[in-house]
Amino acid sequence: MSTELRRLRNYIDGEFRDAADGRTTEVVNPATGEAYATAPLSGQADVDAAMEAAARAFPAWRDTTPAERQKALLKIADAFEQRAEDLIAAEVENTGKPVGLTRSEEIPPMVDQIRFFAGAARMLEGRSAGEYMDGMTSIIRREPVGVCAQVAPWNYPMMMAVWKFAPAIAAGNTVVLKPSDTTPASTVLIAEILGEILPKGVFNVICGDRETGRMMVEHRVPAMASITGSVRAGIEVAKSASADVKRVHLELGGKAPVVVFEDTDIAKAVEDISVAGFFNAGQDCTAATRVLVHESIHDEFVSALAKAAADTKTGQPDDEDVLFGPLNNPNQLKQVEGFIERLPAHARVEAGGKRVGDKGYFFAPTVVSGLQQDDEIIQNEVFGPVITVQSFRDEEQAVEWANGVEYALASSVWTKDHSRAMRMSKKLDFGCVWINTHIPLVAEMPHGGFKKSGYGKDLSGYGFEDYTRIKHVMTSLDA
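Computed from a predicted structure; not experimentally measured.

### As for the overall build of the protein chain
Phase 1: Helices and strands together make up the secondary structure of the protein chain, namely 16 helices and 25 strands.
Phase 2: Relative to the compact-globule value of 23 Å for 479 residues, the protein chain shows a C-alpha radius of gyration of 23 Å, a close match.
Phase 3: Seen through its principal axes, the protein chain has C-alpha atoms that stretch 75 × 75 × 40 Å.
Phase 4: In the protein chain, which comprises 479 residues, the proportion classed as buried is 56%.
Phase 5: The contacts in the protein chain between residues at least 6 apart in sequence include a share of 74% that link residues at least 24 apart.

Written out as structure tokens, the structure reads:
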């Protein structure tokens, strides 16, 4: 007996609607491998409609006062709290994540981030007006950029939607947001929540695939394209946006080095690093997946980390003992398995290294040691519950190897030596350096990287300013 699939719909100009041509795709729960919904496969007509709605709404939303935008965002934050259980249910079905961790680790920071940007709406700053030329006064205006085309990823679909819409709307922009084709459910629910608070057209959601995203970025209306995703996707967005010189905001892949020195408390470091590496099945651009440990403690560290991996549990969302759920989709499972299958002969799988069960897309927490700097698994993002370990001889080599990848999003240093920690924080070429911790984020501090990890910042006042433009106004004092 077949179960009827739930129908998800686009949200355009204040109403839910199907794709103009009626096309849909099935949405699969990765914890079961079974379809639970259909979502629109949006085409050009849908993209046109969403962009035109956002363009119509922009002049009025741009002209609202910061206090009005703050009030709207605070209402949104309150609504998220009131509908937390609905959001959790949608996100768990989207991703297969543990229910308890979704409740404790995602809802509170999301609400806090929305409230932060509500406050940021009233804190725009610029240079003081003044006379920089005789008889002339200069003034700086900071304005919204316009319509923003935004694409969110599948690893944190709900939270990344917040990171996209909150600063954009706070700054006075209007939004067309596309969730990943594998995880649209929570974003469609967010559209329902925001639709009860914002004027129609300010926030629009269209579902679809890679081609839908390309249509959004290449569309004539948006002034800015923002994406969180793979390096490949970021390069394609940058190329597409260059045709009409759109502003681009890219948060892409990562390969975070975790540099562990010999004076580290090994037990504490292993405990924290294993959680930061395996959380969300390692599907996090900042995950602690590339450990470099001093040669004098290498064997002890690897042994302890392998035990921690063996003690870490993955499983179904309602199991309170699991740290992480499944990989997001069959392609991602195949990618992770491929990295393990292609390991060089000198590598050693210390723990895990295989799929768990035949239902859903679960992969065991894995530790791989004996690796060299030019190995594929060191140089490329796995995006799975796999922690690699290399052994370094001194600080200089640790810096060289840590920086010796194309990614530059996040990193961490583990040592009791303050001077060493500060030297390392200067030398590490990453957008974030944690010291004796890994992965905490706060709304007040920026998140973003360098090199192939992209450019632009999420969170913080810097992220808010990315959604604004600067205008110089000069007036004659003699007129």
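### A short note on the domain arrangement of the protein chain
Phase 1: Along its sequence, the protein chain is organised into domain 1 (6-253 + 453-472) and domain 2 (257-435).
Phase 2: Distance from the C-alpha centre of domain 1 to the C-alpha centre of domain 2: 31 Å.
Phase 3: On the side of domain 2, 27 residues touch domain 1, which itself brings 25 residues to the contact.
Phase 4: Of the roughly 2,000 Å² buried at the junction of domain 1 and domain 2 (both faces included), carbon and sulfur atoms supply 60%.
Phase 5: Of all residues in domain 1, the largest losses of buried area upon contact with domain 2 belong to Pro30, Trp154 and Tyr156, amounting jointly to 26% of the total for that side.
Phase 6: The tally of links between domain 1 and domain 2 comes to 0 salt bridges.
Phase 7: Counting every contact that joins domain 1 to domain 2 gives 9 residue pairs in polar contact (both at pLDDT 80 or more).
Phase 8: Looking at the side of domain 1 that touches domain 2 residue by residue, the classes come out as 11 nonpolar, 10 polar and 4 charged.

### Details of the pairing of strand 5 (residues 34-40)
Phase 1: Most of strand 5 is tucked away, with 5 of its 7 residues classed as buried.
Phase 2: The sheet contact formed by strand 1 (residues 6-7) and strand 5 spans 2 bridges and is parallel. From the neighbouring strand, Arg6 faces strand 5, where its bridge partner is Ala37.
Phase 3: As judged from the 6 bridges shared by strand 4 (residues 24-29) and strand 5, these two strands associate in the antiparallel manner. The residue bridging Thr24 from the neighbouring strand is Pro40, located in strand 5.
Phase 4: Between strand 4 and strand 5, which pair antiparallel one after the other, the connecting turn spans 4 residues, and Gly33 there sits at a positive phi close to 75°.

### Brief notes about the side chain of Glu395
Phase 1: You can see Glu395 is positioned in helix 14 (residues 395-403).
Phase 2: Residue Glu395 is classed as buried on the basis of its relative accessible area of 16%.
Phase 3: Among the polar contacts listed, one links the side chain of Glu395 to the side chain of Arg423, at a separation of 2.8 Å.
Phase 4: When sequence neighbours within four positions are dropped, the list of residues in contact with Glu395 reads Phe261, Arg420, Arg423, Met424 and Lys427.

Reading the values: the criteria
- Residues numbered from 1 in each chain as written.
- Predicted model: local features only at pLDDT ≥ 70, side-chain atom pairs only at ≥ 80, totals over all residues.
- Heavy atoms only, no water.
- Helix = DSSP H or I, 4+ residues; strand = E, 2+ residues; numbered from the N terminus.
- Rg over C-alpha atoms; globule rule 2.2 N^0.38 Å.
- Buried < 20%, exposed > 50% of the residue type's maximum accessible area, 1.4 Å probe, protein only.
- Contact = heavy atoms within 4.5 Å.
- Domains from an automatic or database assignment.
- Buried area = accessible area lost by both parts, 1.4 Å probe.
- Salt bridge = Lys/Arg side-chain N within 4 Å of Asp/Glu carboxyl O.
- Polar contact = N/O pair within 3.5 Å; in protein donor to acceptor, adjacent residues only side chain to side chain.
- Nonpolar A, V, L, I, M, F, W, Y, C, P; charged D, E, K, R; others polar.
- Pairing = 2+ DSSP bridges.

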